[in-house]
Amino acid sequence: MINIIVANPHGFCFGITKAIDIATKTSKNQKKPIFFLGEIVHNQHVVNWLEKELKIKTVQSLDEISSDSVVIIRAHGASPTVFQQAKDKGIEVVDASCPLVLRSHQTVKGLAFEKKQIIFLCNKVDHDETVGVVGEAPQFTTPVTLDDIFNYPINNPKNTVIMTQTTLSTIETKKALDFIKKKYPQVTILPHICQATTDRQTVIIDLAKKYKLVIIVGSPTSANSNSLKSVAQSVGATAYIVDNASELQSEWFLNQKNVVLSSGASTPESVLNEVVEKIRQISPVT
Ligand code: SF4
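All figures in this text were calculated on a predicted structure; none of them were measured in a lab.

## Focus: the packing of aromatic side chains
Move 1: Applying the stated criterion across every chain, the model contains three aromatic pairs.
Move 2: When the ring of Trp252 is compared with that of Phe253, the centres are 6.4 Å apart and the planes differ by 55°; the resulting orientation is tilted. Assigned by exposure class, Trp252 and Phe253 land together as buried.

Below is the structure:
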């Protein structure tokens, strides 16, 4: 018999809700063919649903789009080069970037103007947000992962600024930044982990400490979902990430009294509910 605790807040953040809203409005107002450039959000359920409902196709490159089209920039943003390429081709751009990601773009632009060296601390150097933000000033900005930062040489600490991706693990980021502050006290640190990420992780950390088994419902490509799993593991819980209910494994629940559930910022509530239902079938709640 297992008790299911659903963490709150969980699921859609305001940036994802806004991006979906923009896509919906664009499909209503536009007569031209509309395309998403890459997954508008990192969740295949949402992408499939939007493609079907709104008839918007996802492409990976502007080369796949003709000039009489509209392209929607995903919630994770894109580099200025992408906007320029679209303009050069005569493609209309609708920007669904999260405002908090755009804040990082503005910060990089300002720092590059001051000729600062910027380290963009990230999960993956090829994550869409990282590529977009670094693309604001590639000659001044270097993406460095949370793993690599411990061995990354900073040659001019006084002129170096460290920024962070919006969806990093708060625990791993603190470890990395504490290390940097100690080794290079002159480095300036400008963390940009967003409030939605922080709030969801704070709740999961508390619940994971108490209940020890955590399941995150989210896409394996979703940075914020992976960070939720990571913070749960950091405080000693066993944590899994599942894209949908079919990925649950019954042995995870053997001899367990409680399980904590949360979902990534782009995971629909319906998918979380299916996971809750499947866990109930595996181990009925008393
Ligand atoms: S997780 Fe944060 S930065 Fe990313 S879309 Fe949501 S609110 Fe914006």
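## Here's the deal with the sheet that holds strand β11 (residues 238-242)
Move 1: Pairing in this open sheet of four strands is parallel, and the strands run β1-β12-β10-β11 from one edge to the other. Where the open sheet ends on each side, the last strands, each with one partner, are β1 (3-6) and β11. Neighbour-to-neighbour, the strand axes of this sheet turn through a mean angle of 25°, independent of strand direction.
Move 2: For strand β10 (residues 213-217) and strand β12 (residues 258-263), the ladder comprises four bridges, and the chain directions are parallel. Looking at β12, one finds that Val214 is bridged to Val260.
Move 3: Across the face of the sheet, helix α9 (residues 269-282) comes into contact with β1, β10, β11 and β12 while running at roughly 165° to β12.

## Examining the domain arrangement of the protein
Move 1: Annotation of the protein at the domain level lists domain 1 (3-12 + 196-282), domain 2 (14-99) and domain 3 (114-193).
Move 2: Of note, the centres of domain 1 and domain 3, computed from C-alpha atoms alone, are 28 Å apart.
Move 3: The partner domain 3 presents 11 residues to the 11 residues of domain 1 that form the contact.
Move 4: Where domain 1 abuts domain 3, roughly 780 Å² becomes buried across the two surfaces, and 54% of that area is made up of carbon and sulfur atoms.
Move 5: The interface formed by domain 1 and domain 3 holds zero salt bridges in total.
Move 6: The tally of links between domain 1 and domain 3 comes to six residue pairs in polar contact (both at pLDDT 80 or more).
Move 7: Those elements that provide at least two residues to the side of domain 1 that touches domain 3 are α7 (195-211) and α8 (223-234).

## A look at the side chain of Ser79
Move 1: Topologically, Ser79 is positioned in the loop between β4 (70-73) and α3 (80-89).
Move 2: A residue is classified by how much of its surface remains accessible, and Ser79, at 10% relative accessible area, is buried.
Move 3: The contact partners of Ser79, leaving out residues within four places of it in the chain, are Val131, Gly132 and Gly135.

## Things to note about the nonpolar core
Move 1: If you look at the biggest cluster of nonpolar residues, it comprises 22 residues, and the most contacted ones within it are Ile16, Ala23, Phe36, Ile40, Leu50, Ile56 and Ile72.
Move 2: When residues of this core are traced back to their parent elements, those giving at least two are α1 (14-29), β2 (34-37), α2 (44-54) and β4.
Move 3: In terms of residue count, the dominant contributor to this core is α1 (five residues).
Move 4: Once you skip the residues sitting within four places of it in the chain, Ala23 turns out to touch Phe36, Ile40, Leu54, Ile56 and Ile72.
Move 5: Ile215, Leu248, Val271 and Val275 belong to the second largest nonpolar core, which has 17 residues in total.

## What to know about the pattern of salt bridges
Move 1: Counted according to the given criterion, the structure contains seven salt bridges.
Move 2: When the shortest N-O distance is used, the salt bridge between Lys32 and Glu92 registers 2.9 Å. In this pair, Lys32 is assigned in the loop between α1 and β2 and Glu92 in strand β5 (residues 92-95), connecting sequence segments 60 residues apart.
Move 3: Classification of Lys32 as partly exposed rests on a relative accessible area of 35%.
Move 4: The salt bridge partner of Lys174 is Asp178, with a shortest N-O separation of 2.7 Å.

## Considerations on the site of the ligand
Move 1: Lining the immediate environment of the ligand, one finds Cys13, Phe14, Gly15, Cys98, Leu100, Thr166, Thr167, Cys194 and Thr197.
Move 2: Here the residues of the shell around the ligand sort into five nonpolar, four polar and no charged.

## Brief notes about the packing of α1 against α2
Move 1: At their nearest, the axes of α1 and α2 sit 11 Å apart, and the two run at 15° to each other. With respect to α2, the element α1 is oriented roughly parallel. Every pair of crossing elements has a handedness; the one defined by α1 and α2 is right-handed. Mapping the contact onto sequence places Ile20, Ala23, Thr24 and Ser27 in α1 and Val46, Trp49, Leu50 and Leu54 in α2.

## A short note on the side chain of Ser169
Move 1: Structurally, Ser169 is set in the loop between β8 (160-164) and α6 (170-183).
Move 2: For Ser169, the side chain forms a polar contact with the main-chain nitrogen of Glu172, separated by 2.9 Å.
Move 3: Apart from the residues lying within four places of it in its own chain, the contact partners of Ser169 are Ile193, Gln201, Ser227, Ser230 and Val231.

Rules used in this analysis
Residue indices begin from 1 for each chain and proceed along its sequence in written order. In keeping with the model being predicted, local features are shown solely for residues with a pLDDT of at least 70 and side-chain atom pairs are shown and tallied solely at 80 or more, while totals for entire chains, interfaces and linings include all residues. Calculation of side-chain values draws on the structure's entire complement of heavy atoms; hydrogens and water are dropped beforehand. The criterion for an aromatic pair is that two Phe, Tyr or Trp rings (for Trp, the six-membered ring) have centres within 6.5 Å, with stacked assigned to planes under 30 degrees apart, edge-to-face to planes over 60 apart and tilted to the rest. A 1.4 Å probe rolled over the protein chains alone gives each residue an accessible area, and that area as a share of the maximum for its type sets the label: buried under 20%, exposed over 50%, partly exposed in between. Whether two strands pair depends on DSSP finding at least two bridges between them. For helices the rule is a DSSP run of H or I covering at least 4 residues; for strands it is a run of E covering at least 2, with both sets numbered from the N terminus onward. In this description, a line fitted to the C-alpha atoms serves as the axis of each element, helices being fitted only across the stretch in contact, and the angle between N-to-C directions of two axes falls anywhere from 0 to 180 degrees. Note on contacts: a residue pair is in contact if any heavy atoms of the two residues lie within 4.5 Å. Either an automatic procedure or a domain database provided the assignment from which the domain bounds are taken. Once two parts are joined, some of their accessible surface, as seen by a 1.4 Å probe, is lost; buried area is that loss totalled over both. Salt bridge, as applied in this entry: a Lys or Arg side-chain nitrogen positioned within 4 Å of an Asp or Glu carboxyl oxygen. Pairs of N or O atoms within 3.5 Å make up the polar contacts considered here, provided that, within protein, one atom can donate a hydrogen while the other can accept it, and that residues adjacent in sequence are counted only when both atoms are side-chain atoms. Residues belong to one nonpolar core when they are buried, are Ala, Val, Leu, Ile, Met, Phe, Trp, Tyr or Cys, and are joined through side-chain atoms within 4.5 Å. Being near a molecule or strand, for a residue, means having at least one of its heavy atoms within 4 Å of it. Three classes are used: nonpolar for Ala, Val, Leu, Ile, Met, Phe, Trp, Tyr, Cys and Pro, charged for Asp, Glu, Lys and Arg, and polar for all others, with Gly counted as polar. Orientation categories follow fixed angle ranges, with anything under 35 degrees roughly parallel, anything over 145 roughly antiparallel, 65 to 115 roughly perpendicular, and all other angles oblique. Throughout, a crossing is termed right-handed when the near helix is turned clockwise from the far one, and left-handed when it is turned anticlockwise from it by less than a right angle.

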